[in-house]
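What follows is each chain in one-letter form.
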Amino acid sequence: MAGSAKWKCKDCGSNTAAGAAPCDICGSTRKEPIAAAPAPSRPAAKRPSPARPSGDWLCTVCRATNPSRRLDCAGCGKSWRTSGGPAPKKTTPKPTTAKPATPKPATTKATPSKATPSKATPPRPGTTRKTAPKRPTPKRPVPPRTGTTGGTGAGATGLLYPPPSSTGYTPAPPRTTPPPRRTPPVYTPPVYTPPYRPPAKKKSNGCMVSCLSVVGGLVLLGILNGGITAIVSSLDDADPTPTTSTGPTGVACPSRVASTLPSGEGATLVEAFRTDDHRITLCKTTAGKLYYFGEFRDGREKGISMPAKKTSDGYEARNSPYRYVISGGTVSVYKSGSRIAHEELTPEPSPS
């Protein structure tokens, strides 16, 4: 049948259906149609092409060697079926050992030199040859033979010329001073010096330990500061009831101050002071209670009154967490135990 005709791919040699333009195996385009052969009664069994190369293969397009696990070329991307070939075998060159060259003995032939006789030039007739006079050879002076007496000639004596028998032998005078005694060396034991060893490095756990210690110290200081502040505040608030140890001066308390005091009707003035910015008035109610009234001199804010008490050298008033102490002609303001202000006082006998 015409519809069952197949065409053979020229690149991989596989048979592809007639209706398919590219090859089913390698994807190559059909180049020329191949006439379909008549279907035999018994088609011959064909060996299927391998799915993978059996070993490393060489691309015939870009000459790149590819491993067996790759089906396409790593250089140009061609399939191994169309451009694959056997990879060249790797040959390991054999190491060659160079043999040392054996030196050959050099043979040299001695060539006898021929002496060329010099020809004497005969003198010209009528001329006489002048001969240069010979220079006398200086004689080397012979050093004199020295002996024990330092003389020369027949009277010299020494190692080679012994003294005559008439002089006799004179022995050397004996030594009068004994030779110095040799002091034996004093043995000093060697001082042992231990070998140097570098100090061992302490293992540090990094910044974590130091940071935790700093945070813990700050927390502990905060707790201690809070505890101390609470104790001071409790001591300050332990006796809020004012005392009545101060006697009145007989002057009525200013009405604007008495109106702020509890049961302030009929209150009398105890003392009054002023500073550069403030005015302080101490009044005593008919119930015998002492109060401290503080305000700004320019009246920018409303004044406040608080219970007070007489101390050994002045007055003291409390308005937690503030404490006002009048002593020695000055007033000091404390907050939570810390002094925040200190001013000089001027007595004011008749406040308005």
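In case you missed it, the structure is sitting above this.
Residues numbered from 1 in each chain as written. Predicted model: local features only at pLDDT ≥ 70, side-chain atom pairs only at ≥ 80, totals over all residues. Heavy atoms only, no water.

### Things to note about the overall build of the chain
A tally of helices and strands in the chain yields three helices and 15 strands. Split into buried and exposed, the 352 residues of the chain put 19% on the buried side. If you sum the accessible surface of the chain, you get close to 29200 Å²; carbon and sulfur atoms cover 58% of it. (Helix = DSSP H or I, 4+ residues; strand = E, 2+ residues; numbered from the N terminus. Buried < 20%, exposed > 50% of the residue type's maximum accessible area, 1.4 Å probe, protein only. Areas by Shrake-Rupley, 256 points an atom, 1.4 Å probe, with all protein chains shown as cover.)

### Things to note about the environment of Tyr-291
Here Tyr-291 shows up in strand 9 (residues 290-296). Note: C-alpha distance between Tyr-291 and Gly-264 (27 residues apart in sequence) is 9.8 Å. Aside from chain neighbours lying at most four places away, what touches Tyr-291 is Leu-261, Pro-262, Thr-281, Leu-282, Cys-283, Thr-285, Met-306, Pro-307 and Ala-308. (Contact = heavy atoms within 4.5 Å.)

### Focus: the nonpolar core
The biggest cluster of nonpolar side chains holds 15 residues, and the ones touching the most others in it are Ile-280, Leu-282, Tyr-292 and Ile-326. Of all the secondary structure elements, the ones that give two or more residues to this core are strand 7 (268-274), strand 8 (278-284), strand 9, strand 10 (304-310), strand 11 (314-319), strand 12 (322-327) and strand 13 (330-335). Those residues within four positions of Ile-326 in sequence are excluded, and the remaining contacts are Phe-273, Ile-280, Leu-282, Tyr-292, Asp-313, Gly-314, Tyr-315, Val-331 and Leu-345. Listed in part, the 10 residues of the second largest apolar core include Val-257, Ala-258, Ala-267 and Cys-283. (Core = buried A, V, L, I, M, F, W, Y, C linked by side-chain atoms within 4.5 Å.)

### A few points about unusual backbone geometry
In this structure, Pro-321 follows Ser-320 across a cis peptide bond, with omega equal to 5 degrees. Located in the positive-phi region is Arg-63, a residue other than glycine, with phi close to 60 degrees. Here Arg-63 is to be found in the loop between strand 3 (57-59) and strand 4 (65-66). Under the relative-accessibility criterion, Arg-63 is labelled exposed at 56%.

### Quick notes on the state of the cysteines
Scanning the model with the defined rule gives one disulfide in all. Here Cys-253 pairs with Cys-283 through a disulfide, and the sulfurs are 2.1 Å apart. Judged by the sign of its S-S torsion, about 80 degrees, the cystine formed by Cys-253 and Cys-283 is right-handed. Linking Cys-253 in the loop between strand 6 (251-252) and helix 3 (255-258) with Cys-283 in strand 8, this pair joins segments that are 30 residues apart in sequence. On the basis of relative accessible area, Cys-253 is assigned to the buried category, the value being 8%. Cysteine Cys-62 is unpaired, with the sulfur of Cys-73 as its nearest cysteine sulfur at 3.3 Å. Given the relative accessible area of 32%, Cys-62 is considered partly exposed. Judged by its relative accessible area of 3%, Cys-73 is buried. (Disulfide = S-S within 2.5 Å.)

### A few points about the pairing of strand 10
Where strand 9 and strand 10 come together, four bridges link them in antiparallel fashion. Bridged to Tyr-292 within strand 10 is Met-306. As defined by bridge partners, strand 10 adjoins strand 11 across three bridges and the pair is classed as antiparallel. Counted as the bridge partner of Ala-308 is Ala-317 from strand 11. (Pairing = 2+ DSSP bridges.)

### Focus on the packing of aromatic side chains
According to the stated counting rule, one finds one aromatic pair in the structure shown. Judged by centre distance (5.3 Å) and plane angle (25 degrees), the rings of Tyr-292 and Tyr-324 are stacked. One end of the pair, Tyr-292, is in strand 9; the other, Tyr-324, is in strand 12, with 32 residues separating them in the sequence. Note on accessibility: Tyr-292 and Tyr-324 belong to one class, buried. Over the aromatic face of Tyr-334 sits the side chain of Arg-323, whose NZ or CZ is 4.7 Å from the ring centroid. (Phe/Tyr/Trp six-rings, centres within 6.5 Å; stacked < 30°, edge-to-face > 60°. Lys NZ or Arg CZ within 6 Å of the ring centre and 35° of its normal.)

### Remarks on the pattern of salt bridges
Here the idea is simple: oppositely charged side chains can pair when their charged atoms come close. Summed over the entire model, instances satisfying the criterion amount to seven salt bridges. Two residues, Arg-318 and Glu-316, come together in a salt bridge whose shortest N-O distance is 2.7 Å. Residue Arg-323 pairs with Glu-316 through a salt bridge whose shortest N-O separation is 3.4 Å. Judged by relative accessible area, Glu-316 falls into the buried class, the value being 12%. Sharing partners across several salt bridges, the network here consists of Arg-256, Arg-279, Glu-295 and Glu-348. (Salt bridge = Lys/Arg side-chain N within 4 Å of Asp/Glu carboxyl O.)

### Considering a nonpolar patch on the surface
A cluster of nonpolar side chains, Val-214, Leu-218, Leu-220, Leu-221 and Leu-224, forms an exposed patch at the surface whose accessible area comes to about 520 Å². Within the secondary structure layout, Leu-221 lies in helix 2 (residues 207-236). (Patch = residues over 30% accessible without salt bridge, like charges linked within 9 Å, V, L, I, M, F, W, Y side chains within 5 Å.)

### Thoughts on the pairing of strand 12
Summarising the sheet, strand 11 and strand 12 pair through six bridges and their orientation is antiparallel. Looking at strand 12, one finds that Arg-318 is bridged to Arg-323. Linkage of strand 11 to strand 12, two consecutive antiparallel strands, is achieved through a turn of two residues. Sheet topology places strand 12 next to strand 13; six bridges connect them, and they run antiparallel. By the bridge assignment, Val-325 is partnered in strand 13 with Ser-332. Counting the residues in the hairpin turn of strand 12 and strand 13 gives two residues, including Gly-328, whose phi is positive at 65 degrees.

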